[in-house]
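Listed below are the residues making up each chain.
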Amino acid sequence: MSEDVKETPERDQAARDAARALETYEWGFSSDIEQEFAPKGLSEDTVRFISAKKNEPEWMLEWRLKAYRHWLTMTAPDWAKLNVPPIDYQDAYYYAAPKEKPKLGSLDEVDPEILRVYEKLGIPIEEQKVLAGVEGARRVAVDAVFDSVSVATTFRAELEAAGVIFRSISEAIREYPDQVKKWLGKVVPMHDNYFSALNCAVFSDGTFVYIPEGVRCPMELSTYFRINAENTGQFERTLIIAEKGSYVSYLEGCTAPMRDENQLHAAVVELVAMDDAEIKYSTVQNWYPGDAQGRGGIYNFVTKRALCQGKRSKVSWTQVETGSAITWKYPSCVLNGEDSVGEFYSVAVTNNFQQADTGTKMIHNGRGSRSTIISKGISAGHSNNTYRGLVRVAANADGVRNFTQCDSLLLGQSCGAHTVPYIEVKNPSAQIEHEATTSKISDGQLFYAMQRGLGQEEAVALIVNGFAKEVLQQLPMEFAVEAQKLLGISLEGSVG
Amino acid sequence: MANDYSGMTVNERLFGAGLLDDYDRTRAQGDLTKLNELLAKVGLRFENGSHWDLDPSFYMLNINNLHATVADKPILKGLSLTINAGEVHAIMGPNGAGKSTLGYVLGGRPGYEVTGGDVTFDGTDLLALAPHERAAAGLFLGFQYPVEIPGVSFVQFLREALNSQRKARGQAPLSGGEFLKLAREKAALLRMDMDMLKRPVNVGFSGGEKKRAEMVQMGILDPTLAILDETDSGLDIDALRICGEGINAIMRKPDKAVLLITHYQRLLDYVKPDFVHVLAGGRIIKTGGPELALQLEEEGYEAVA
Amino acid sequence: MNLAALSMPTKSDEAFRYADLTALAGVWPVEPEEITVPAGASEALSIVQDAASGAVARQLVVTLAADAIFDLRILNLGGAYGRIAVDARLGEAAQFTLGAAQLGSGDQVLEIVTQVTHAAPDAVSRQVIRSVLAGHATGTYLGKVAVARGSNGTDSEQSVRAMLLDRTATANAKPELEIFADDVKCAHGCAVGELDAMGLFYLESRGLPPEEAKKLMLQAFIAEAFSGAAEEEKLQSLALKRLGDML
């Protein structure tokens, strides 16, 4: 299949066109930090290079190699409603790091280039204040994953005083090997799927969070991802463990620079919640979606899964997906604990030639476990937007409740909106309800809003935000504002 | 004793002597000696001291020190009450006192767990019976919120229910014609259009229509004891009168009894109770005649308690 | 029949995701039964699939021309494996109704698999599927509604309900929408649960023994699938008889 994607003059031309169209992508910019690359291509040597580069212990290298060998035996999934061009895994770099720098004592020492990148990323004002060290700023700890390697972590001391461990995963592997070993690959096994196996083999960096028993994390934890280097696949790895009675809210925000070539991203996120623990995981994903002609853009194949292991444990996924050319993502909950709770709130916007196949799985194994799924899909342009969900109730899980609401909004005649819910029930006491509706923005609604003085795009943004309100209101404040703006920006030019 | 108690029920005897409150309290305490002292004053005594009130001729319904929980929460906490044939009792009380719970416990609703005490109905252990067996034994529960059952017509449902009851009692089933005649007669009594009975059970019925349909069912099923849970709620003045008159026509008979569960006096204007009980905190705290209901209406529960 | 239809499906074929492939192999390939409803015509069909044992599988391919009306009712009782697949293609302003009930017990595997394609504007489809499953039975509904580009004015509804009588039974459902037009009304509702406890108590408190009360509730549950059918009474009474055997 590598023959199919050999660089051709057409592709290069497309890339140059895309680069010229830079101004149409608000956050398309590029910074020029020096990179240190792994050799191009994927082999056992690449895996060894990454592991060595990160000073990993032997067990970690073995684990990666095992995953790599397994990955070689697998094939990419083809069941999603996605048209994925063949990906040449040998034509990509799997590791890029800013050159090693001395450990930073304070934010002042952070490379000004990186700080400028943050600024362009539009990090919410509250967090900019935090980064600028303003007294009395709302506490948000930012672990910046910059080109796959953590370069700055704030508030580490305060978190440590609370007993919270908030580290890059590479640091955690070295400093807390037992904690990492206990859960890494347990929620999402390496053989789970093609992309999770790939991630296990070559993950570059990511985040490790540990909230001890009874601790309410004193601040919201926030990670900004940034894909920057050319030809660098991003393979983030996140592991969050919430011990008994603990609570953490984790924010993940992504944006990407203008890209001239498709870029693969295959993250794995694992969450573990013990008795009475609660994890709130919010994502705003705004990677480069490709241009108006469907050229370029990120391929996002993410595996996110939570294990609600403890009694009354609760995991809440909230996502606003506006970016990427291709999204393949199903943040899920395995509800093992009695009376555990899983929630999935999603807004997915696709425009131009974007394709999204996203949803969730709620696996009810525990008695009295409950789940709620609210999915809002908005399709515009020539895009395709699919909700795919699974609700499964095991035979022994008495008293399970699920409610699912899937709404699709279509803007225009050339897009597609699809709903694929799977419901599998083996226990008679389960109460499973699924509802789906499809609608469009009516001319009447648009005219009404415009007659009152709104521009057409403002009117669309207003109506779309209303449509997505149930999900947006689940987001922490600073994210909600950004997300609302994103919905409007993502749909620019879709009605006219 | 000079008093002539012939033809009077136990409750009437005790109430006439001003001993009913004392008697119910004593029963709840389980003091057999004192109980027989009280009963002696009205010319009665228990023949069998090992169990309360085993003589079925005493009572149609005998609730003795009843405790019940809903979702592990205690609601009834030692409720005692006796009802004789020919009597109409009203139970009043503030919200959350356990009024509806009493109705559901007597009807046998799953999830309403009896944790203590006993109930006999015409001398048999009511609590040992399944809900449909209680119905066949002659107990009717009028629901505060009658349940909607789409797809099943009233006519089909009631005919099956009546014939199940008749079968359980060793009676021959009614034919379709006989049943329709009976249904028509009872519907007319409650001024309900027969066409409504051809519709699915309670589906699309207004609150008042549902209550009238409950009374039609009571007429058709012809129970000996009707426990009517807030039959008056959701009724306008006319419907209230129609239901009240229906209850009197169907249930005001020497061999039948009624337990009205209600918040208000207004139904009692039409169905005059012989006894009024105040239920609070899961037990009967006061018993009186019809004037007690009027007093409650005037002064509220707190004044009485 | 094309060659692809001849090759035996596997579990990774979406339409056979929950199928009993061993049983299916015995009756494969399934010869499609073509039904064409001409423009403006109105036709109705009831299917009672009640083989005592073994596997039965049918594949209906229905084409509705413009303004055609087709009313299809299915009572799927078996055999051991009972599959009815329906492909319906709707022309302009065509109306398609599917009312189906499947009642399974023992180790039965029953499935109703539909693909309803709104190929032209203003067509209406209504699907009502009811499953009652006891013992170790599995009941599946895989229903896809596809709205082709330009099929504005599409009006489609799927109402899918399943009732499990034992904890060893399984209900699967996949009410799927694939929509390529924006001026459409497409909705589906799916619910799996057990009989309403309050409703059962209400019936029992009027004197119906539990079995009878259950039967009556289940009868009401499946009634919607057959309501308005030309053979409503026949289908209902056959269903009721099967329910009686199951309880």
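Just so you know, these numbers come straight off a predicted model, no measurement behind them.

Engineer: How should the interface of chain A and chain C be read in this particular structure?
Structural biologist: Quoted interface sizes are often the accessible area lost when the parts come together. Between chain A and chain C, the residue contacts involve 34 residues of the former and 35 residues of the latter. Three residues stand out in chain A for area buried against chain C, namely Gln413(A), Tyr422(A) and Pro428(A), and they jointly supply 22% of the buried area on that side. Inspection of the chain A/chain C interface yields four salt bridges. Here Arg167(C) ties to Asp398(A) by a salt bridge, and the two come within 2.7 Å at their closest N and O atoms. Counting only elements with at least two residues in the side of chain A that touches chain C, the list comes to β22 (416-425) and β23 (431-440) of chain A. In terms of residue count, β22(A) provides more of the side of chain A that touches chain C than any other element does, ten residues in total. Taken together, the residues that form the side of chain A that touches chain C break down as 13 nonpolar, 14 polar and seven charged. Across six bridges, β22(A) lies against strand β11 (residues 170-179) of chain C in antiparallel orientation. Residue Val425(A) lies in a different strand from β11(C), and its bridge partner there is Ala171(C).

Engineer: Please clarify how the pattern of salt bridges should be interpreted in this entry.
Structural biologist: Between side chains of opposite charge, pairing is possible as soon as their charged atoms come close. Taken as a whole, this structure holds 42 salt bridges over all chains when the rule is applied. Among the ionic pairs, Lys81(A) bridges to Glu176(C), the shortest N-O distance being 3.0 Å. With Lys81(A) in the loop between α3 (58-72) and β2 (96-98) and Glu176(C) in strand β11, the pair connects residues from two separate chains. Looking at Lys81(A), the relative accessible area reads 23%, which means it is partly exposed.

Engineer: Looking at this model, I keep getting lost on helix α5 (residues 232-246) of chain C. Mind explaining?
Structural biologist: Along an α-helix, residues three or four positions apart point the same way, because every turn accommodates 3.6 residues. Residues and elements named next belong to chain C. Here α5 spans 21 Å end to end across 15 residues, near enough to the 21 Å set by a 1.5 Å rise per residue. For α5, the set of buried residues is Leu235, Gln236, Ala239, Arg242, Leu243 and Met246. Projected down its long axis, α5 shows its buried positions confined to an angular sector of 130°, all on one face. Set apart from the buried face of α5 by more than 90 degrees, the exposed residues are Glu233, Lys241 and Asp245. Structurally, α5 contributes buried residues whose contacts are with β2 (42-50), β4 (69-78), β6 (95-104), β8 (124-133) and α4 (210-226).

Engineer: Honestly, the sheet that holds strand β11 (residues 275-280) of chain B in this entry has me stumped. Any pointers?
Structural biologist: Residue and element names in this part refer to chain B. The six strands are arranged β6-β9-β10-β3-β11-β12 in an open sheet whose pairing can be described as mixed. Whereas interior strands pair on both sides, the edge strands pair on one side only; in this sheet they are β6 (139-142) and β12 (283-288). The average undirected angle you get between the axes of adjacent strands in this sheet is 20°. With four bridges connecting them, strand β3 (residues 88-92) and strand β10 (residues 257-261) associate as parallel partners.

Engineer: What should I look at first to understand the environment of Val464(A) in this one?
Structural biologist: Residue and element names in this part refer to chain A. With respect to the helices, strands and loops of the structure, Val464 is situated in helix α11 (residues 456-467). By relative accessible area, which is 0% here, Val464 ends up buried. Remark: the alpha-carbon pair of Val464 and Thr327, spanning 137 residues in sequence, is separated by 20 Å. Not counting chain neighbours up to four residues away, the residues in contact with Val464 comprise Ile378, Leu409, Ile441, Leu487 and Leu491.

Engineer: Looking at this model, I keep getting lost on the packing of α4(C) against α5(C). Mind explaining?
Structural biologist: Any two packed helices are characterised by how steeply their axes cross, that is the angle between the axes, and by the distance between the axes. Residue and element names in this part refer to chain C. Packing of α4 against α5 leaves a shortest axis separation of 10 Å and a crossing angle of 145°. Considering only the axes of α4 and α5, their crossing is right-handed. Mapping the contact onto sequence places Lys215, Leu218, Gln219, Ile222, Ala223 and Phe226 in α4 and Glu232, Leu235, Gln236, Ala239, Leu240, Leu243 and Gly244 in α5. Residues belonging to the contact of α4 with α5 are distributed by class as follows: eight nonpolar, three polar and two charged.

Engineer: Mind showing me how you'd approach the packing of aromatic side chains here?
Structural biologist: For any pair of aromatic rings, geometry is given as the distance between the ring centres together with the angle between the planes. Residues and elements named next belong to chain A. Evaluated as defined, the whole model comprises 23 aromatic pairs over all chains. Taking 5.0 Å as the distance between ring centres and 55° as the angle between the ring planes, the aromatic pair formed by Tyr281 and Trp317 counts as tilted. Of this pair, Tyr281 sits in strand β12 (residues 278-286) while Trp317 is found in strand β14 (residues 314-321), placing the two residues 36 residues apart along the sequence. Considered together, Tyr281 and Trp317 belong to a single accessibility category, that of buried residues. Against the face of Phe203 rests Arg64, its NZ or CZ located 4.0 Å from the ring centre.

Engineer: Looking at this model, I keep getting lost on the interface of chain C and chain B. Mind explaining?
Structural biologist: With 18 residues of chain C at the contact, the number on the chain B side is 29 residues. Between chain C and chain B lies a buried interface of about 2000 Å² when both sides are counted; carbon and sulfur atoms form 70% of it. Taken as a group, Phe201(C), Tyr202(C) and Arg206(C) account for 39% of the area that chain C buries against chain B, more than any other trio of residues on that side. Counting the contacts that link chain C with chain B gives one salt bridge. The partner of Glu214(B) in a salt bridge is Arg206(C), with the nearest N and O atoms 2.5 Å apart. With seven residues, the top contributor of residues to the side of chain C that touches chain B is helix α3 (residues 197-205) of chain C. Of the residues in the side of chain C that touches chain B, the class split is ten nonpolar, four polar and four charged.

Here is what the cut-offs are and how they apply
- Residues numbered from 1 in each chain as written.
- Chains lettered and ligands numbered in written order.
- Predicted model: local features only at pLDDT ≥ 70, side-chain atom pairs only at ≥ 80, totals over all residues.
- Heavy atoms only, no water.
- Contact = heavy atoms within 4.5 Å.
- Buried area = accessible area lost by both parts, 1.4 Å probe.
- Salt bridge = Lys/Arg side-chain N within 4 Å of Asp/Glu carboxyl O.
- Helix = DSSP H or I, 4+ residues; strand = E, 2+ residues; numbered from the N terminus.
- Nonpolar A, V, L, I, M, F, W, Y, C, P; charged D, E, K, R; others polar.
- Pairing = 2+ DSSP bridges.
- Buried < 20%, exposed > 50% of the residue type's maximum accessible area, 1.4 Å probe, protein only.
- Expected span 1.5 Å × (residues − 1).
- Arc of directions from axis to C-beta.
- Axes fitted to C-alpha atoms, helices over the stretch in contact; angles between N-to-C directions.
- Left-handed = near helix turned anticlockwise from the far one by under 90°.
- Phe/Tyr/Trp six-rings, centres within 6.5 Å; stacked < 30°, edge-to-face > 60°.
- Lys NZ or Arg CZ within 6 Å of the ring centre and 35° of its normal.

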